[in-house]
Structures are given as structure tokens and as C-alpha cells.
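One-letter residues, chain by chain:
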Amino acid sequence: MFHVRKLSETFGAEVLDFQIDAHAPDEVMQAIKALWAEHKLLLFRHQDLDEDKLVAFSRKFGELEIHVRTEYLSPSHPEVLYISNMKQDGRSIGILSDTEVGWHYDQIYLPRPAVGSLLAAHTLPPSGGNTEFADMGTAFEALPEETRQKLMHCRAVQSYEAFNRAYSVPTNDEQKKKSPDIDHPLVRRHPITGKPALYLCPGMTTHIVGWEAEESRAMLEELFDWCVQPQFVYSHQWQDGDALLWDNACTMHRRDPFDQGHLRLMKRTTILPPPELAVPV
Ligand SMILES: [Fe+2]
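What counts and how
Residues numbered from 1 in each chain as written. Predicted model: local features only at pLDDT ≥ 70, side-chain atom pairs only at ≥ 80, totals over all residues. Heavy atoms only, no water. Pairing = 2+ DSSP bridges. Helix = DSSP H or I, 4+ residues; strand = E, 2+ residues; numbered from the N terminus. Axes fitted to C-alpha atoms, helices over the stretch in contact; angles between N-to-C directions. Donors = N, O, S within 2.8 Å, 3.2 Å for Na, K, Ca; no water. Buried < 20%, exposed > 50% of the residue type's maximum accessible area, 1.4 Å probe, protein only. Domains from an automatic or database assignment. Buried area = accessible area lost by both parts, 1.4 Å probe. Salt bridge = Lys/Arg side-chain N within 4 Å of Asp/Glu carboxyl O. Polar contact = N/O pair within 3.5 Å; in protein donor to acceptor, adjacent residues only side chain to side chain. Nonpolar A, V, L, I, M, F, W, Y, C, P; charged D, E, K, R; others polar. Core = buried A, V, L, I, M, F, W, Y, C linked by side-chain atoms within 4.5 Å. Contact = heavy atoms within 4.5 Å.

Caption draft 1: Examining the sheet that holds strand S10 (residues 182-185) more closely. One open sheet accounts for 3 strands, arranged S10-S9-S13; its pairing is antiparallel. Strand pairing shows two members of the sheet lacking a second neighbour, S10 and strand S13 (205-208), which therefore form its edges. Direction aside, the axes of adjacent strands within the sheet are offset by 35 degrees on average. Where strand S9 (residues 155-158) meets S13, 3 bridges bridge the pair, whose relative direction is antiparallel. Residue pairing for S13: Val-157 is matched across the bridge by His-207.

Right, dumping it as C-alpha cells:
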């Protein structure tokens, strides 16, 4: 059986002596799922992952999303999204957006956001491109009691369009129609552990429903600064053979910039929530 080593004081764990394998016995998969819920971020190093294995293992966690940007999907495995600056015959094979450098929860602007992703390194630049994660559960627990009480039953509006605007990325009419502004609980209870976590991110969370504009702005800015303090953040420096599985219900993430003169290709599967893991309404 595998071993576990913590990645930081508060969250994240490396799973040692484990090769990703969809044929792992049920008790092993149950143990991995329990670790995912407990540690919020799992690192698997020294993996020999082809797309068959990536998809089959990811399916063990739930139904997989087929991304709407079909031009960036693996030609053989539509469940695999390429995140890359590589080109083939003059065409980009992967998506690479300036918005990735901003802190975000994936799909927080959707009614049923993904519960997690498995991201595997394929080609890495010599430096840069680290992925940072913020532990939004520990950040919430560390707030003063009075603030926690104040936020507990609030809802906040999430806007895909506002996030794109913050990074000067256009949102077309079809995207606007598909992703209208939406409100979610500002403090989300984890569907498995029941623990609360701040459910917000800079740029995308525009205001707290029912609050005066100035009071809402001031509180959100305070929270954005609060949750990315070093004690709540883990920065992952990628190595060949790395794969990261994160919990998208209680961590947000961002990517560091890297020199675009170097190639980078990451392969991602996105795990959709079964109804019991969806955001509570
Ligand atoms: Fe992301």
C-alpha cells in the first residue's frame, strides 16, 4: 500500500509508492478518495501516464467533462483538455489563457462547477509555470469568529464576464449566454467532509448579495488578501512525471507566468459533480 507525505503545514499530500491505475482494487480507490477529501490536493510523482490511464483513473472519481473548446481536446480522448502553447501546422493544440495567472476556482460561475481536476505534466519549461493553490477552508477557519458568523449565510455573485474583463480577455455572446452571472453561497460546506470554505475569488466574485456596495467591496478585498497569505498557499513546482488531483470545492488556484519561448503541455481531465457533490443551493 502507498505512503503519504504532507506538502505543506495545512494541506496537500504526496502519495508515494503509487502508480495511477484504473484497475487498482476498490479498497485502494476508496483510500485515495478519502485522502483527496482530507488533504484537498494530491500529488502523484514519477507517473508513466498515457491518455488511456489518465481518463480511466479520472473516471473513478465521477463523470468527466468534455470541454466546449473542442479544438483543444485530445484527438483520441475528448475527455482530455490540452493546456499548452504548442502549435502543430500553425494551429494551437491547447488552450492557454492569461486568466490562468489570476486566482480562481474552476467554473465557480456555473450552476454545477467541477468538483476537481487531474492535471498531468507532459512537457515543461525549464522554469516558471508553477501552479499555486490556496486552502480556502483553513483560511475561513482562521478568520475572527465575528467575521465568520457575518459571512456564514451570505451569497455572492460570480461573473465569468467580469473575470475575463479583468484580464482584457473578450467574452463572446455565446459565452455570455452560456455563463450568465450567478450567485452561490459565500461559505461553501464541503460535500464530503462538511467543513466550510470561502467560496470566492478575485475578479470573478463581484459582490455580496444584499450588502451595500462599499461594504461588500471592502469585505471582498479583505478576504481576497486574507486567503492568499503564505500560510494558506502551496506553490507546486512541476517535475516530469507529476500529476496533481485537486479539490475544486475548497481550494482555488493560479498559474505563474513562464517564458513563452519554451514549450509547455499539460493534460487535464475535469471531474463533474454527481448531484450529491454539487454546490448547495
Ligand atoms: Fe483553473
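Moving on, there is more to tell.
Caption draft 2: The arrangement of the sheet that holds strand S8 (residues 131-135) in detail. As summarised here, the arrangement of the 3 strands in space is S14-S8-S16, forming an open sheet in which the pairing is antiparallel. The open sheet terminates on both sides in strands that have one partner only, identified here as strand S14 (233-236) and strand S16 (251-255). Within this sheet the neighbouring strands show an average axis-to-axis angle of 20 degrees, counted without direction. Bridge analysis of S8 against S14 gives 4 bridges, and the strand direction is antiparallel. Along S14, the bridge assignment pairs Thr-131 with His-236.

Caption draft 3: View of the coordination of the iron ion. Looking at the iron ion, the protein donor atoms are His-104 (NE2), Asp-106 (OD) and His-253 (NE2), and they sit 2.2 Å from it. Spacing between the donor residues of the iron ion along their common chain follows H-x1-D-x146-H. Highlighted residues: His-104 in the loop between strand S6 (91-92) and strand S7 (116-123) and His-253 in strand S16, separated in sequence by 149 residues. Each member of the pair, His-104 as well as His-253, carries the same accessibility label: buried.

Caption draft 4: Just the domain arrangement of the chain, in detail. Here the chain is partitioned into domain 1 (3-134 + 230-277) and domain 2 (141-227). Together, the buried faces of domain 1 and domain 2 total about 2300 Å²; carbon and sulfur atoms form 69% of this surface. Our enumeration of links across domain 1 and domain 2 arrives at 0 salt bridges. Viewed at the interface, domain 2 and domain 1 are joined by 4 residue pairs in polar contact (both at pLDDT 80 or more). Of the residues in the side of domain 1 that touches domain 2, the class split is 17 nonpolar, 5 polar and 4 charged.

Caption draft 5: Representation of the nonpolar core in the model. Met-136, Leu-151, Leu-186, Leu-198, Leu-200 and Met-252 are the most contacted members of the largest nonpolar core, which has 34 residues in total. At the level of elements, helix H3 (136-141), helix H5 (160-166), strand S12 (196-198) and helix H7 (213-227) are the ones that each hand at least two residues to this core. If you tally residues by element for this core, the top one is H7, at 5 residues. Taken domain by domain, this core gets at least three of its residues from each of domain 1 (3-134 + 230-277) and domain 2 (141-227). Not counting residues up to four positions away in its chain, the partners in contact with Leu-200 are Tyr-105, Ile-108, Met-136, Leu-186, Thr-205, Leu-220, Leu-223, Phe-224, Cys-227 and Met-252. Listed in part, the 29 residues of the second largest apolar core include Ile-32, Leu-64, Tyr-82 and Ile-93.

Caption draft 6: Spatial organisation of the side chain of Lys-40. Summarising the element assignment, Lys-40 is placed in the loop between helix H1 (26-39) and strand S3 (41-44). If sequence neighbours within four positions are ignored, Lys-40 has contacts with Phe-11, Leu-35, Asp-135, Gly-137, Thr-138, Leu-245, Trp-246, Asp-247, Cys-250 and Thr-251.

Caption draft 7: Spotlight on the side chain of Ser-117. Following the sequence through the fold, Ser-117 ends up in strand S7. With a relative accessible area of 1%, Ser-117 lands in the buried category. A polar side-chain atom of Ser-117 sits 3.3 Å from the main-chain carbonyl oxygen of Thr-269. If near-sequence neighbours (up to four positions away) are discounted, Ser-117 is found in contact with Asp-106, Leu-244, Leu-245, Trp-246, Arg-268, Thr-269, Thr-270 and Ile-271.

Caption draft 8: A look at the environment of Leu-245. The residue Leu-245 is located in strand S15 (residues 243-247) in this model. Here Leu-245 falls in the buried class, since its relative accessible area comes to 0%. A sequence separation of 126 residues divides Leu-245 from Leu-119, and the C-alpha atoms of the two residues are 6.5 Å apart. Non-local contacts of Leu-245, meaning those with residues more than four positions away in its chain, are made with Trp-36, Lys-40, Leu-41, Leu-42, Phe-44, Phe-61, Ser-117, Leu-118 and Ile-271.

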